[in-house]
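For reference, the chains in residue letters:
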Amino acid sequence: MASYLASNQERFLTELIDWLRIPSVSADPKFQADVRKAADYLADRLREAGLENVELCETAGNPIVYADKIIDPSLPTVLVYGHYDVQPADPYELWTSPPFEPVIKDEKIYARGACDDKGQVYMHVKAFEVMMQEDGGVPCNVKVMFEGEEEIGSNNLGIFVKANKEKLAADVILISDTGMLANDVPSIEVGLRGLSYHEVEVTGPNRDLHSGLYGGAVPNPINVLCKMIASLHDENNHITIPAFYDNVAVLSADERAELNRVPHSDDEFKQSIGLKDIYGEKDYTTVERVGIRPTLDVNGIWGGYTGEGAKTVIASKAFAKISMRLVPNQTSDEITALFQQHFESIAPAGVTVVVRPHHGGEPVVTPTDSVAYKAAADAMETTFGKRPIPTRGGGSIPIVAMFKSELGLDTVLLGFGLDSDAIHSPNEHYGVFNFLKGIETIPHFYRNYAAAMKA
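None of these values were measured; they are calculated from a predicted model.

What counts and what doesn't
Note on numbering: residues in each chain are counted from 1, in written sequence order. Totals for whole chains, interfaces and linings use every residue, but because this is a predicted model, local features are given only for residues with pLDDT of at least 70 and side-chain atom pairs only at 80 or more, for both listing and counting. Each side-chain value is worked out from all heavy atoms of the structure, with water and hydrogens disregarded. Strands here mean DSSP runs of E at least two residues long; helices mean DSSP runs of H or I at least four residues long; both are numbered from the N terminus. Here the globule rule is a power law, 2.2 Å times the number of residues to the power 0.38, and the radius of gyration is based on C-alpha atoms. Burial classes: relative accessible area under 20% of the type maximum marks a residue as buried, over 50% as exposed, and values in between as partly exposed (1.4 Å probe, protein chains only). Areas reported here follow the Shrake-Rupley algorithm with a probe of radius 1.4 Å; residue values treat only the protein chains shown as occluding. Two residue types count as positive, namely Lys and Arg, and two as negative, namely Asp and Glu; His and chain ends fall outside the count. Taken as the charge location is NZ of Lys, CZ of Arg, CG of Asp or CD of Glu. In the analysis that follows, any N or O atom pair within 3.5 Å is treated as a polar contact, provided that within protein one partner can donate a hydrogen and the other can accept it, and provided that, for residues neighboring in sequence, both atoms belong to side chains. Contacts are assigned to residue pairs with any non-hydrogen atoms lying within 4.5 Å of each other. UniProt positions are given in the numbering used here, feature names are shortened, and annotations may be inferred rather than shown by experiment. Any two strands with at least two DSSP-identified bridges between them are counted as paired. Interaxial angle, 0 to 180 degrees, is taken between N-to-C directions of lines fitted to C-alpha atoms, where a helix line uses only the stretch in contact. One fewer than the residue count of a helix, multiplied by 1.5 Å, yields its expected span. We define a salt bridge as a contact between a side-chain nitrogen of Lys or Arg and a carboxyl oxygen of Asp or Glu at a distance within 4 Å. The labels follow the angle: roughly parallel below 35 degrees, roughly antiparallel above 145, roughly perpendicular from 65 to 115, and oblique for the rest. Crossings are sorted by hand: turned counterclockwise from the far helix by less than a right angle, the near helix makes the crossing left-handed, and turned clockwise it makes it right-handed. Each residue receives one of three labels: charged for Asp, Glu, Lys and Arg, nonpolar for Ala, Val, Leu, Ile, Met, Phe, Trp, Tyr, Cys and Pro, and polar for the others, Gly being one of them. In these notes, a set of buried Ala, Val, Leu, Ile, Met, Phe, Trp, Tyr and Cys residues joined through side-chain atoms within 4.5 Å is what counts as a nonpolar core.

How do you make sense of the overall build of the protein chain when you look at a structure like this?
Of the regular secondary structure elements, the protein chain holds 13 helices and 18 strands. Relative to the globule expectation of 23 Å for 455 residues, the C-alpha radius of gyration of the protein chain, 23 Å, shows essentially globular dimensions. When its C-alpha atoms are laid out on the principal axes, the protein chain stretches across 80 × 50 × 45 Å. Across the 455 residues in the protein chain, those meeting the buried criterion constitute 52%. A total accessible area of about 20100 Å² is found for the protein chain, and carbon and sulfur atoms account for 50% of it. For the protein chain, the separation between the mean place of its 40 positive charges and that of its 64 negative charges on side chains is 1 Å.

Listed below in structure tokens is the structure:
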């Protein structure tokens, strides 16, 4: 296996770079043709790798790329999920190189989607090719399902899954859309937070007003919005929405101690992102704050005049995008309703508030005693030389809970990204080491899983 990977790694990287050049931004309609072009590219590479029944499954939005390799119906089946759409690259001016003109520097691939999730999806395509070329084929059945709407909430994936349960029937789901602690500290995420996402609008006067003629006599929607947002946390950074914490799963002292065994340095954490001090909910560590505690963050805020120079104006409207990360026992429907009710209730007289819920997702904890998890842990131990540490991830992959409810399947989150990869940010990148190590590791998972299921 190593010899085929070694002799073809430059080609693998070139193919990935070609794919990264396609700006498959699902959030912006102007890139719609590029999203489909990225799907076509992926489908072609899957065929070349040796997968069969490759097709673009149409949805009300972007197509889902499906393929499989069924070698024996009596053998176990692995369903691989990932996404080929990417986040918007704005603001472009903060990139050190154009986001859709990939470059490799300092052994890292710089491009939008390099890590999230094109680079990690492409590991699976090439790992399959490696198995076909060196191992004489895969040791169990494989199905792949790569969507083009993950970054906008996977609105059509659930519909597709419900309508294609027989097509997607499997024994376990394998996803590489997460990360690990460090290149010398392998880990596997076993928990993900859920999500509740909203856009809010505050309206005051019926038009923009001169701040000299009207200032001090009318409510300023931007000022009002800032005060409303500020009130959502107290002095201990505790979220103030009534009943928000009612269903939060509380870990025991032993469970918290086990969680905090992961290697972590607050000083290194601060240095890595240019902070002078850490921040967060009182009485919790940084590891706990990003893994087992819910959060509320403003993702964007705007209104009034933001162009060059000055314009003395009181804006008619102000807007913000607000998201909450959820933990086990919270549900997105519950938190969405609580947020909407509370945010509307704290609006002062003189303004009108509209809350528009966007997408949501459920938190999930995956088992660490399953055959599939052990197969993944053994695979990482083989290629990294160290046993991976189970961790709780702070991000959200809402479809993991959906797969469990609709297909009855647990998921293994075999990710190779790093926190420093700047996903969703300017200068996103993915280590060449990580890309190649993923291709090396994934075949070991298949062999381990097939052997364990046969035993």
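Which parts of the structure should I look at to understand the side chain of Thr 203?
Relative to the helices and strands, Thr 203 is located in strand 9 (residues 194–203). With a relative accessible area of 17%, Thr 203 lands in the buried category. Among the polar contacts made by the side chain of Thr 203, one reaches the side chain of Glu 201 at a distance of 3.3 Å. One polar contact links Thr 203 to Lys 317, side chain to side chain, over a distance of 2.8 Å. When sequence neighbours within four positions are dropped, the list of residues in contact with Thr 203 reads Pro 221, Ser 316, Lys 317, Gly 350, Val 351 and Thr 352.

Please explain the UniProt feature "domain: Peptidase M20 dimerisation" (unreviewed entry) in the protein chain as it appears in this structure.
Those places that UniProt annotates as "domain: Peptidase M20 dimerisation" (unreviewed entry) correspond, in this numbering, to residues 199–349. Helix makes up 31% of residues 199–349 and strand 19%. Its end C-alpha atoms lie 20 Å apart.

When you look at the sheet that holds strand 4 (residues 103–105) in this model, what are you seeing that I'm missing?
The strands making up a sheet associate through hydrogen bonds between their backbones, and the pairing can be parallel or antiparallel. The strand order across the open sheet built from 3 strands is 4-5-18, with neighbouring strands paired in antiparallel fashion. Either end of the sheet is taken by a strand with one partner, and the two such strands are strand 4 and strand 18 (429–431). Neighbouring strand axes in the sheet, compared pairwise and without regard to direction, differ in orientation by 30 degrees on average. Across 3 bridges, strand 5 (residues 108–110) lies against strand 18 in antiparallel orientation. In the sheet register, Ile 109 faces strand 18, and the bridge partner there is Tyr 430. Contacts from helix 13 (residues 432–454) reach strand 4, strand 5 and strand 18, with the element oriented near 60 degrees to strand 18.

What am I meant to see in helix 10 (residues 332–345) here?
Residue pairs three or four apart in sequence face the same way in an α-helix, which turns once every 3.6 residues. Under the 1.5 Å per step criterion, the end-to-end length of helix 10 is 20 Å for 14 residues, consistent within 8% with the ideal 20 Å. Where the residues of helix 10 are buried, they touch strand 9, helix 6 (221–230), strand 11 (295–303), strand 13 (317–326) and strand 14 (352–361).

Explain the pattern of salt bridges here, please?
Opposite charge on two side chains allows them to pair when their charged atoms are near. Counted according to the given criterion, the structure contains 25 salt bridges. Linking Arg 11 and Glu 15 is a salt bridge whose minimum nitrogen-to-oxygen distance equals 2.9 Å. Placement of the pair is Arg 11 and Glu 15 together in helix 1 (residues 2–20), with a separation of 4 residues, close to one helical turn. Relative accessible area serves as the criterion here: at 32%, Arg 11 is assigned to the partly exposed category. Accessibility expressed as a relative area gives 12% for Glu 15, which makes it buried. With its nearest N and O atoms 2.4 Å apart, the salt bridge here joins Arg 387 to Asp 378. The class of Arg 387 is partly exposed, set by a relative accessible area of 41%. Asp 378 sits in the partly exposed class, given a relative accessible area of 33%.

So what exactly am I meant to see when it comes to the packing of helix 3 (residues 118–134) against helix 13 here?
A pair of packed helices is captured by two measures, namely the crossing angle of their axes and the spacing between those axes. Between helix 3 and helix 13, the least distance of the axes is 8 Å, while the angle of their chain directions is 55 degrees. Overall, the two elements helix 3 and helix 13 adopt an arrangement that is oblique. Crossing hand, helix 3 versus helix 13: right-handed. Between helix 3 and helix 13, the contacting residues are Gly 119, Tyr 122, Met 123, His 124, Lys 126, Ala 127, Val 130 and Met 131 on the first element and Asn 434, Phe 435, Gly 438, Ile 439, Ile 442, Pro 443 and Tyr 446 on the second. A per-class count over the contact of helix 3 with helix 13 returns 10 nonpolar, 4 polar and 1 charged.

Would you take a moment to explain the sheet that holds strand 11 for this structure?
The 4 strands lie next to each other as 11-13-9-14, forming an open sheet whose pairing is antiparallel. Edge positions in the open sheet fall to strand 11 and strand 14, since each of these has one partner strand only. For this sheet, the mean inter-axis angle between neighbouring strands, taken without regard to orientation, is 15 degrees. Relative to strand 13, strand 9 runs antiparallel, the two sharing 10 bridges. Residue pairing across strands places Glu 201 opposite Phe 319, the latter belonging to strand 13. Relative to strand 13, helix 6 is tilted by about 15 degrees, and along the sheet it contacts strand 9, strand 11, strand 13 and strand 14. The sheet contacts of helix 10 involve strand 9, strand 11, strand 13 and strand 14, and relative to strand 14 the element is tilted by about 165 degrees.

Whenever I open this one, the environment of Val 172 confuses me. Can you help?
Within the secondary structure, Val 172 sits in strand 7 (residues 172–175). Judged by relative accessible area, which is 4%, Val 172 ranks as buried. Between the C-alpha atom of Val 172 and that of Arg 256, which follows or precedes it by 84 residues, the distance is 28 Å.

Would you mind showing me how to read the nonpolar core here?
Inside soluble globular proteins, nonpolar side chains tend to come together where they are buried. Trp 19, Leu 46, Phe 435, Phe 445 and Tyr 446 are the most contacted members of the largest nonpolar core, which totals 67 residues. Looking at this core element by element, the count peaks at 9 residues for helix 13. Excluding its chain neighbours within four sequence positions, the residues that come into contact with Phe 445 are Val 78, Leu 174, Ala 372, Ala 375, Ala 376, Ala 379 and Leu 414. Counting residues in each nonpolar core, the second largest holds 26 residues, with Val 200, Ile 239, Ala 318 and Leu 326 among its members.

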